[in-house]
Amino acid sequence: MPGLAHIRSLRGPTDRPGKTRARIACDLHYIDNFSILLDPRTMFGTVLVEHRGGKVF
């Protein structure tokens, strides 16, 4: 399942250290804030991003 980094347009190859740190921060945020509602929210956000052609909200 795509994660928060995907929704925040931090997918694909990482070409900068800052982008890598941002992905890790998204993963840590997910771990620290895990809840039964976070997964459906992430899935819904993924559908929206993909529907818009990969563009973030």
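Let me sum up the structure you'll find in this document. (Residues numbered from 1 in each chain as written. Predicted model: local features only at pLDDT ≥ 70, side-chain atom pairs only at ≥ 80, totals over all residues. Heavy atoms only, no water.)

**Here we look at the overall build of the protein chain**
Convention followed: Secondary structure is summarised from DSSP: a helix means a run of H or I of at least four residues, a strand means a run of E of at least two, and numbering begins at the N terminus for each. Exposed residues in this analysis have more than 50% of their type's maximum accessible area, buried residues have under 20%, and partly exposed residues fall in between, with area computed by a 1.4 Å probe over protein chains only. Contacts: residue pairs with any heavy atoms within 4.5 Å of one another. Working definition of accessibility: Shrake-Rupley area with a 1.4 Å probe, residue cover restricted to the visible protein chains.
Looking only at helices and strands, the protein chain features 3 helices and 0 strands. Tracing the protein chain from N to C terminus, the helices and strands come up as α-α-α. Across the 57 residues of the protein chain, 25% fall into the buried class. Of all intrachain contacts in the protein chain linking residues separated by at least 6 positions in sequence, the fraction that spans at least 24 positions is 48%. About 4,200 Å² of surface is accessible on the protein chain, with carbon and sulfur atoms providing 63% of the total.

**Considerations on the side chain of Lys19**
Rules: Positive: Lys, Arg. Negative: Asp, Glu. His and the chain ends are not part of the count. A side-chain nitrogen of Lys or Arg and a carboxyl oxygen of Asp or Glu constitute a salt bridge if their distance falls within 4 Å.
Checked against the element boundaries, Lys19 lands in helix α2 (residues 17-32). Of the buried charged residues, Lys19 lacks a salt bridge, with Asp15 as the closest side chain of opposite charge at 4.5 Å. Sequence-distant contacts of Lys19, defined by excluding residues within four places in its chain, comprise Leu10, Arg11, Pro13 and Thr14.

**With respect to the environment of Thr42**
Tracing the backbone through its elements, the reader meets Thr42 in helix α3 (residues 38-51). For Thr42 and Ala5, which are 37 residues apart along the polypeptide, the C-alpha to C-alpha distance reads 9.9 Å.

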